[in-house]
Amino acid sequence: MHVAPVGGTAVQDHVALAEIELCGELIIAASAAQERLSLESIDEVLKVAEERDSSRS
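Rules behind the numbers
- Residues numbered from 1 in each chain as written.
- Predicted model: local features only at pLDDT ≥ 70, side-chain atom pairs only at ≥ 80, totals over all residues.
- Heavy atoms only, no water.
- Helix = DSSP H or I, 4+ residues; strand = E, 2+ residues; numbered from the N terminus.
- Buried < 20%, exposed > 50% of the residue type's maximum accessible area, 1.4 Å probe, protein only.
- Areas by Shrake-Rupley, 256 points an atom, 1.4 Å probe, with all protein chains shown as cover.
- Contact = heavy atoms within 4.5 Å.
- pLDDT = per-residue confidence, 0-100.
- Axes fitted to C-alpha atoms, helices over the stretch in contact; angles between N-to-C directions.
- Parallel < 35°, antiparallel > 145°, perpendicular 65-115°, else oblique.
- Left-handed = near helix turned anticlockwise from the far one by under 90°.
- Nonpolar A, V, L, I, M, F, W, Y, C, P; charged D, E, K, R; others polar.

Draft legend 1. The overall build of the chain, seen in detail. Assigned secondary structure in the chain consists of 3 helices and 0 strands. When the helices and strands of the chain are read in sequence order from the N terminus, they spell out α-α-α. Within the chain, the fraction of its 57 residues that count as buried is 0%. As presented, the chain carries roughly 5,400 Å² of accessible surface, and 57% of it is formed by carbon and sulfur atoms.

Draft legend 2. Examining the environment of V45 more closely. By secondary structure assignment, the location of V45 is in helix α2 (residues 39-46). On a C-alpha basis, the gap between V45 and A29 in space is 7.4 Å, while along the polypeptide they are 16 residues apart. Leaving out residues up to four positions away in the same chain, V45 has contacts with E25, L26 and A29.

Draft legend 3. Seen up close, unusual backbone geometry. Despite not being glycine, K47 has its phi angle at roughly 60°, a positive value. Assignment of secondary structure puts K47 in the loop between α2 and α3 (48-56).

Draft legend 4. Up close: the confidence of the model for the chain. Put simply, the chain has an average pLDDT of 83, and 72% of its residues get 70 or more. Within the chain, α3 has the poorest average pLDDT of any element, 70, and helix α1 (residues 14-32) the best, 94.

Draft legend 5. Expanded view of the packing of α1 against α2. For the pair α1 and α2, interaxial distance at closest approach is 9 Å and the crossing angle is 135°. Regarding the angle of α1 to α2, the classification is oblique. In the crossing of α1 with α2, the sense of the turn from one axis to the other is right-handed. The segment α1 lies against α2, with L22, E25, L26 and A29 engaging I42, V45 and L46. Class assignment of the residues belonging to the contact of α1 with α2 gives a composition of 6 nonpolar, no polar and 1 charged.

Below, the structure written as structure tokens:
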């Protein structure tokens, strides 16, 4: 059995951490909404339009 060494060897997957953060934002928005989130609301929470605009520059 292989056991990870103790102390400062944590590996961070920045993509996974960003996805977890986005999921959290969606959960917060959904719990605050009175109805189902529209696709436009989801895009707003995920900042999809901002990503499209920045990729065009």
